[in-house]
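# Understanding the architecture of this molecule
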Amino acid sequence: MASGGVSVASLWTEVNRCGQNGDYTRALKALSKILHENRDDVTALQCKIVCLIQNGSFKEALNVMNTHSKVLGSEVVFEKAYCEYRLNRVESSLKTIEAAPEQTDKLKELYGQVLYRLERYDECKSIYTDLIRNSQDEYEEERKTNLAAVVAARSQWEKTPMEDLGLPESTYELCYNTACALIGQGQLTEAFNKLQQAKELCKVSLADDSDVTEEDIESELAVIHSQMAYIMQLQGRTDEALQLYNQVIKLKPSDVGLLAVTANNIITINKDQNVFDSKKKVKLTNTLGVEYKLAKRQLQAIDFNKALLAMYTNQADQCKKLLSGLQSQNPGHPLPVLIQVAQLCREKQHSRAIELLQQFSDQNPECASGIKLTMAQLYLVQGHVTKACDVLRSIEEFKHKAGMVSALVTMYSHEEDIDCAIDVFRQAIEHYQSEQPGSAAHLGLVREAANFKLKHGRKKEAISDLEQLWKQNTNDVHTLAQLISAYSLVDTDKAKSLSKHLPSADTMSFNVDVDELENSHGATYVRKKAAKVPGESLPKEPGQTEIKKKKKKKKGKLPKNYDPKATPDPERWLPMRERSYYRGKKKGKKKEQIGKGTQGATAGASAELDASKTASSPPTSPRPGSASGSSTAAATSSAVPPRQQKPSASGATRKKVPQKKKKGGKGGW
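Since we're looking at a predicted model, the values are computed, not measured. (Residues numbered from 1 in each chain as written. Predicted model: local features only at pLDDT ≥ 70, side-chain atom pairs only at ≥ 80, totals over all residues. Heavy atoms only, no water.)

## What about the overall build of the protein?
The number of helices and strands found in the protein is 31 helices and zero strands. Buried residues in the protein amount to 38% of all 669 residues. Only carbon and sulfur atoms are counted for the fraction: they give 50% of the accessible area of the protein, which is about 41400 Å². (Helix = DSSP H or I, 4+ residues; strand = E, 2+ residues; numbered from the N terminus. Buried < 20%, exposed > 50% of the residue type's maximum accessible area, 1.4 Å probe, protein only. Areas by Shrake-Rupley, 256 points an atom, 1.4 Å probe, with all protein chains shown as cover.)

Take a look at the structure:
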């Protein structure tokens, strides 16, 4: 008999009735009374744990299991692992599952979820494949959705080729996950079409439910819209992507991961512009719990973008603080160092930036190529072209690439160091001679080297390259002509012997209509023929010479007020402002007004005293030592990953991050 005169049997009846009605709070009150009578009642403890889990009290349920661990034993292994999983203690949950005496189906389901959160995708794929093969129940669709999410995650984060596992695309979750996998493979158009299909399936499936409102449908479509916007962003359609991202933000979805990655992608579109909007959006990436919703790559990209935003907004101390944390979390990643270098360059500390790059390059040779390219750029900014060339030539990975050879030759030519430029050609040709002899890249380098040497008067050195090219193709008339031209200054006899290989004039002639060629589009010079007037041209008689017509000289025009007796002004050819007697215009001179001027003066008297209104006097000559002229002054101006239970987020970086979506689960979680 329980306290208060209520029997234990009636309490159990109450527990059973509340459990069927979903009233777990009342069930917990009845269970507390039962446990008050028998503290170690295993059945009552198990029921209490289940009720607490159903109410979302995972921490309290875990405390009950830890307190009564001796009594419960291995009876609640699944419940304990699940509570740890929901409390984001993923490593502890993994240990609990692996220590279980028996791996039941529901424990395997949870094991797959835990492995997915730990990004151990290969093991996770094996678990779900085994569950689908050996299970037949109402949760089969959820398992297939989770398996599709694993395939998408491997494609996105590990760049693993897609596998055809025969999964259907009957639901919008499966279609969405297929689209995520296609994004990972770079098939953006196909992925966009899959998202359109997922969108239609989502509308159809939710429209059948009378309890679902339009707002609920839009909220469910938000993750699809965000992923579509991500594809638009990758395709360069940034205006359309930005509009769709802002629509998702306005909906205020409950998924913090979706909000964080959407906000991050907007920041990547803004770049160093519209920084005030970016500062507002970055707050959405700091929401509590977002670190449990996103993959490590997404969180890393968001942190990098926070540091970049701090740099663009001139928050130097905040930027350095963020970079310090990023370098400790990602010791071998080059991006934190590059951001730090960019910040130092903004502070005009180029020498310190180069030292930092050199230090990181020595410590991390596996990613030294990109670092050295940045070093070369900084040297060029400072005007140290030769040092930049030395750094570029030390990059073994790009040393013999055509683009690198072109850049080095251009820079050495700018410095007028022709010998070093030729040495670059020589090393590249030797590399291709040993690795890819006779290839298009090899022969192209040989031709460019020959042209470069001919351009700079190194005809003797160009001869060997031209001979090599001509031997590869003896029908190349252009190369043969260059070779003969080079030999003509070195060995005339050799030039004559080679000239015999030139084709004859008959074989070189072509049936070309000259008039048609001259009248064609793009002709720069057209030979014009004088039009013949009928009857105008008569045959000349023998001995008759053509009489040239004399041209009449036009008489020069004189000014209207020209006076032949007066001496012309010797400065008449100069502009008025540059003449010695020019005194400039009097500013502020107004018409004669009555009542103006000194007291007692009249307008008539002023006119008599005005020397400018008297007979003009001859202009005075410039003073000795003075110069007449004018001066002018010029002013100078200085992707959301696949779904895991609930819709997750779509991402991108400056550096962009795709998104995820995964649904499923069994056993009420």
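## Regarding a negative patch on the surface
A cluster of acidic residues, Glu-214, Glu-215, Asp-216 and Glu-218, forms a negative patch at the surface. With respect to the element layout, Glu-214 can be found in helix H13 (residues 214-234). Since its relative accessible area comes to 56%, Glu-214 is described here as exposed. (Patch = residues over 30% accessible without salt bridge, like charges linked within 9 Å, V, L, I, M, F, W, Y side chains within 5 Å. Salt bridge = Lys/Arg side-chain N within 4 Å of Asp/Glu carboxyl O. Lys, Arg positive; Asp, Glu negative; His and termini not counted. Charge placed at Lys NZ, Arg CZ, Asp CG, Glu CD.)

## Topic: the packing of helix H1 (residues 8-21) against helix H2 (residues 24-37)
The contact between H1 and H2 brings their axes to 8 Å, and the two run at 160°. In this view, H1 runs roughly antiparallel relative to H2, as classed from their interaxial angle. Pair H1 / H2 crosses with left-handed handedness. Counted together, Leu-11, Trp-12, Glu-14, Val-15, Arg-17, Cys-18 and Gly-19 of H1 and Tyr-24, Arg-26, Ala-27, Ala-30, Leu-31, Lys-33 and Ile-34 of H2 form the full contact between these two elements. Broken down by class, the residue content of the contact of H1 with H2 amounts to nine nonpolar, one polar and four charged. (Axes fitted to C-alpha atoms, helices over the stretch in contact; angles between N-to-C directions. Parallel < 35°, antiparallel > 145°, perpendicular 65-115°, else oblique. Left-handed = near helix turned anticlockwise from the far one by under 90°. Contact = heavy atoms within 4.5 Å. Nonpolar A, V, L, I, M, F, W, Y, C, P; charged D, E, K, R; others polar.)

## A word on the confidence of the model for the protein
Averaged over all residues, the pLDDT of the protein equals 81, while 80% of them reach at least 70. Scored below 50 in pLDDT, residues 611-638 shows 15 contacts in the model against residues more than four places distant or in partner chains. Contacts of residues 661-669 to residues separated by more than four positions or lying in other chains number 56 contacts, the stretch itself having pLDDT below 50. (pLDDT = per-residue confidence, 0-100.)

## With respect to the packing of aromatic side chains
Remark: the centre distance and the inter-plane angle together describe each pair of aromatic rings, the angle taken between the planes. All chains considered together, the criterion is met by four aromatic pairs. Residues Phe-78 and Tyr-82 carry aromatic rings whose centres are separated by 6.2 Å and whose planes lie at 15° to one another, so their mutual orientation is stacked. Of this pair, Phe-78 and Tyr-82 both sit in helix H6 (residues 77-86), separated by four residues, roughly a single helical turn. You can call Phe-78 buried: its relative accessible area is 9%. Judged by relative accessible area, Tyr-82 falls into the buried class, the value being 3%. Taken together, a centroid distance of 5.7 Å and an interplanar angle of 70° make the contact between Tyr-116 and Tyr-121 edge-to-face. Comparing Tyr-116 with Tyr-121, the two get one shared label, buried. (Phe/Tyr/Trp six-rings, centres within 6.5 Å; stacked < 30°, edge-to-face > 60°.)

## Quick word on the pattern of salt bridges
Counting across every chain of the model gives 20 salt bridges. Between Arg-17 and Glu-14 there is a salt bridge whose closest N-O contact spans 2.5 Å. Here Arg-17 pairs with Glu-14, and both are found in helix H1, just three residues apart, close to one helical turn. Residue class for Arg-17 comes out partly exposed when judged on its relative accessible area of 37%.

## Examining the nonpolar core
If you look at the biggest cluster of nonpolar residues, it comprises 51 residues, and the most contacted ones within it are Ile-49, Met-65, Leu-110 and Val-114. Dropping the residues within four chain positions of it, Val-114 is found in contact with Tyr-85, Val-90, Ser-93, Leu-94 and Ile-97. Within the second largest apolar cluster, 40 residues are counted, among which are Val-341, Ala-388, Val-405 and Val-446. (Core = buried A, V, L, I, M, F, W, Y, C linked by side-chain atoms within 4.5 Å.)

## Topic: helix H17 (residues 296-312)
Between its first and last C-alpha, H17 extends 25 Å over 17 residues, near the 24 Å set by a 1.5 Å rise per residue. Burial analysis of H17 places 12 of its 17 residues in the buried class, the great majority of the element. Burial in H17 covers these residues: Gln-298, Gln-300, Ala-301, Ile-302, Phe-304, Asn-305, Lys-306, Ala-307, Leu-308, Leu-309, Ala-310 and Met-311. Among the structural elements, helix H10 (140-157), helix H15 (256-270), helix H16 (275-281), helix H18 (316-329) and helix H19 (334-346) are those in contact with the buried residues of H17. (Expected span 1.5 Å × (residues − 1).)

## Quick notes on unusual backbone geometry
A positive phi angle is found at Asn-314, which is not glycine, with a value near 60°. Position of Asn-314 among the secondary structure elements: in the loop between H17 and H18. Take Asn-314: its relative accessible area is 61%, and that puts it in the exposed class. Residue Lys-348 is not a glycine yet carries a positive backbone phi of 65°.

## Focus: the environment of Gln-318
Tracing the backbone shows Gln-318 in helix H18. For Gln-318, a relative accessible area of 36% gives the class partly exposed. Along the chain, Gln-318 and Lys-306 lie 12 residues apart, while their C-alpha atoms are 9.6 Å from each other.

## Quick word on the side chain of Thr-171
Structurally, the position occupied by Thr-171 is in the loop between H10 and helix H11 (172-184). Thr-171 gets classed as buried once you look at its relative accessible area, which sits at 12%. Apart from residues lying up to four places away in sequence, Thr-171 is in contact with Glu-141 and Leu-201.

## Observations regarding helix H26 (residues 459-472)
A turn of α-helix holds 3.6 residues, and therefore any two residues three or four places apart point the same way. With 14 residues, H26 should reach 20 Å at 1.5 Å per residue; the first-to-last C-alpha distance of 20 Å fits that figure. Every buried residue of H26 is accounted for by Ala-462, Ile-463, Asp-465, Leu-466, Leu-469 and Trp-470. Of the surrounding elements, those touching the buried residues of H26 are helix H25 (440-455), helix H27 (477-488) and helix H28 (492-499).

## Concerning the environment of Glu-37
Of note, Glu-37 is situated in helix H2. For the pair formed by Glu-37 and Val-8, sequence separation is 29 residues and the distance between their alpha carbons is 8.6 Å.

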